[in-house]
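Architecture and fold: a report
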Amino acid sequence: MSRVVLGVTGGIAAYKACELLRRLTEAGHEVTVVPTESALRFVGTPTWEALSGRAVPTDVFTDVPSVTHVRLGQQADLIMVAPATADVLARAAQGLAPDLLGNVLLTARCPVVFAPAMHTEMWQHAATVANVAVLRERGAMVIDPAVGRLTGVDTGPGRLPDPAELFDTAQAVLDGGVPVRDLEGRTVVVSAGGTREFLDPVRYLGNRSSGKQGYAVAAAAAARGATVTLISANSTVPVPAGVEVVTVVDAAEMRAQVLARSDVDAVVMAAAVADYRPVEVAETKLKKESGSLTEIRVIENSDILADLVGARGDADTPVVVGFAAETGDETTDYLEYGRRKLARKGCDLLVVNEVGDGLAFEVDRNAATVIGRDGYELDIPMVSKRRLADSVWDAVLASGALK
Ligand code: CTP
């Protein structure tokens, strides 16, 4: 159980903070909501009190003997401001404390995370850009807003990320602190999800990949300052903050999109790419009576990972990272299969998961071993997929693969 202060400021996205609050309390955290006066015009005190199960302090002059304005900040393990308006970013950058939230931010000794939400023009305004830089410089985490539909007809960067992702970020910061921006200036491509190889307009050969792990790898890289493109196959996971998403369906599209963007510092292939595709794709639905579904003839797809390695030749970029879900058998343990795969594909690092009952697929936690060509090895215990993603980036940096 951790003590979390959820600062809510005056934007329409305040309603999404209700869902974030619910997730934080369900995870067992003690959450005190500190809304600004404008936030209360969007969502009222009873909602915050009911969802947090705690009194909601709204100003500096209530309950003066318990010195709330100092105590909350001092005792918190995490302060997350979601949504954070351009105005609160400006005030925090200046150290102004006109209200309770301002006081809490000034007395904080814990990690502070801002999740901005505003119109694109405000986010891109030179003043906001400078304020975000100041806050990051001082050690706060400022999440890049998601791109998409804003209030009204506008679209662009400025959306509050999905509450599930904000929760993951909050938990990751509680577990490991504010991410260091050690991938600042780096460009990376991450693939995620599972490809579908169509037999006819309604049927396909697919796999169980949900995309969760690949999306977490992309989210972790963005949080560490990288410019991230996510090539996503058939996933329903919400788009992570600050990540550009390109959607694909089958392995051929995945290959084309990944290879076209391989002029980057690193490519992480977390997608489950189908090894085979049907030789023929029927234009109309195959009928049972025709017997054409009893035998499916397939042809091998090219290996994107190996193609990436081949295409870079003697150059050392991009760093190429693969994922492999393996099971062991009587003769060989799963990690040994991983080592063989690493050698066969020639990638720099391979993240090897053991698969089996309740492991790896469609779950929120995962364990793995990252192995490198030169004998580098990092064991990652069972942790959240987001934590595992961070360990993968730690391995990319620690193995010396990223020049
Ligand atoms: N991969 C790829 N292109 C393919 C198949 C796989 O780039 N056509 C990548 C995956 O994204 C993953 C890694 O290769 O990063 C390992 O995938 P896996 O399916 O385990 O590899 P295979 O060579 O197909 O091995 P197996 O025989 O165990 O299926």
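Every chain is numbered on its own, with residues counted from 1 as its sequence reads. With the structure being a predicted model, the display of local features is reserved for residues of pLDDT at least 70 and the display and counting of side-chain atom pairs for 80 or more, all residues being used for whole-chain, interface and lining totals. As a convention, hydrogens and water are excluded, and side-chain values are obtained from all of the structure's heavy atoms.

Turning our attention to the site of the ligand. In the vicinity of the ligand there are 14 residues, among which M269, A271, D275, L305 and K341 approach most closely. Polar contacts, as used here, are pairs of N or O atoms within 3.5 Å; protein pairs need one atom able to donate a hydrogen and one able to accept it. Residues neighboring in sequence count only if both atoms are side-chain atoms. One of the side-chain nitrogen or oxygen atoms of D275 is found 2.7 Å away from an oxygen atom of the ligand. With respect to the ligand, the side chain of K341 contributes an N or O atom lying 2.5 Å from an oxygen atom. Burial of the ligand by the protein amounts to 77% of the accessible area it has alone, namely 570 Å². Here a residue is considered near a molecule or strand provided that any single heavy atom belonging to it is located within 4 Å of it. The Shrake-Rupley method, run with a 1.4 Å probe, gives the accessible areas here. Residue values count only the displayed protein chains as cover.

A word on the sheet that holds strand β18 (residues 365–372). Spatially, the eight strands line up as an open sheet ordered β12-β11-β8-β13-β16-β17-β18-β19, and their pairing is mixed. Either end of the sheet is taken by a strand with one partner, and the two such strands are β12 (243–248) and β19 (377–384). Ignoring which end each strand starts from, the neighbouring axes of this sheet average 20° apart. Contacts between residues were defined by any pair of non-hydrogen atoms, one from each residue, lying within 4.5 Å. Axes here mean lines fitted to C-alpha atoms, for a helix over just the part in contact, with angles spanning 0 to 180 degrees between N-to-C directions. Helix and strand assignments follow DSSP, with helices taken as H or I runs no shorter than four residues and strands as E runs no shorter than two, numbered in order from the N terminus. Contacting β8 (187–193), β11 (227–233), β12 and β13 (266–269), helix α11 (residues 251–260) runs over the sheet at an angle of about 145° to β12. The sheet contacts of helix α13 (residues 334–345) involve β16 (319–326), β17 (349–354), β18 and β19, and relative to β17 the element is tilted by about 155°. Strand pairing is assigned whenever DSSP detects at least two bridges linking the two strands.

Remark: nonpolar core denotes a set of buried residues (Ala, Val, Leu, Ile, Met, Phe, Trp, Tyr, Cys) joined through side-chain atoms within 4.5 Å. For each residue, the accessible area found with a 1.4 Å probe, counting protein chains only, is set against the maximum for its type, and the residue is called buried under 20%, exposed over 50%, and partly exposed in between. One finds V188, V190, V228 and W393 to be the most contacted residues of the largest nonpolar core, which totals 36 residues. With near-sequence residues (within four places) excluded, V228 lies in contact with V188, V190, A218, A221, A222, V243 and E244. Of all hydrophobic cores here, the second largest spans 31 residues; its members include A14, L24, V33 and I143.

Bringing the packing of helix α4 (residues 68–75) against helix α6 (residues 100–107) into the picture now. At a minimum axis distance of 7 Å, the contact between α4 and α6 shows a crossing angle of 45°. As far as their axial angle goes, α6 and α4 are oblique. Pair α4 / α6 crosses with right-handed handedness. Side by side, α4 and α6 meet where H69, V70, L72, G73 and Q74 of the first sit next to L100, N103, V104 and T107 of the second. The cut-offs work like this: below 35 degrees is roughly parallel, past 145 is roughly antiparallel, 65 to 115 is roughly perpendicular, and the gaps in between are oblique. Here a crossing is taken to be left-handed if its near helix is turned anticlockwise relative to the far helix by less than a right angle, and right-handed if that turn runs clockwise.

By this rule, a helix spans an expected 1.5 Å times one less than how many residues it contains. With 14 residues, helix α14 (residues 385–398) should cover 20 Å at 1.5 Å per step; its first-to-last C-alpha distance of 19 Å lies within 8% of that length. The buried count for α14 comes to ten of 14 residues, which makes it a mostly enclosed element. Trailing α14 by a residue or two, G400 shows a phi angle of about 80°, which is positive.

What the five strands build is an open sheet, ordered β2-β1-β3-β4-β5; its pairing is parallel. Of all the strands in the sheet, the pair left with one neighbour each is β2 (30–35) and β5 (141–142). Pairing of strand β1 (residues 3–8) with strand β3 (residues 78–84) involves four bridges; the strand directions are parallel. What sits directly across from G7, in β3, is V81.

Points on a 1 Å grid over protein atoms alone make up a cavity when a 1.4 Å probe fits among them but cannot get out, and a pocket when they form an open set with protein on both sides within 12 Å along at least five of seven lines; lining residues each have an atom within 4 Å of a point. Grid points are joined across faces, edges and corners, and a volume is the space filled by probe spheres set on the points. As a volume, the largest pocket reaches approximately 970 Å³. Around the largest pocket, the lining comprises 41 residues; the ones closest to its centre are A271, A272, V273, F323 and A324. Of all the secondary-structure elements, those providing two or more residues to the lining of the largest pocket are α10 (212–223), α12 (304–312), β16, α13 and β17. Considering each element in turn, the lining of the largest pocket owes the most residues, four residues, to β16. Roughly 600 Å³ of volume is contained in the second largest pocket. Together, 22 residues line the second largest pocket, and A164, D168, K212, D364 and R386 are the ones closest to its centre.

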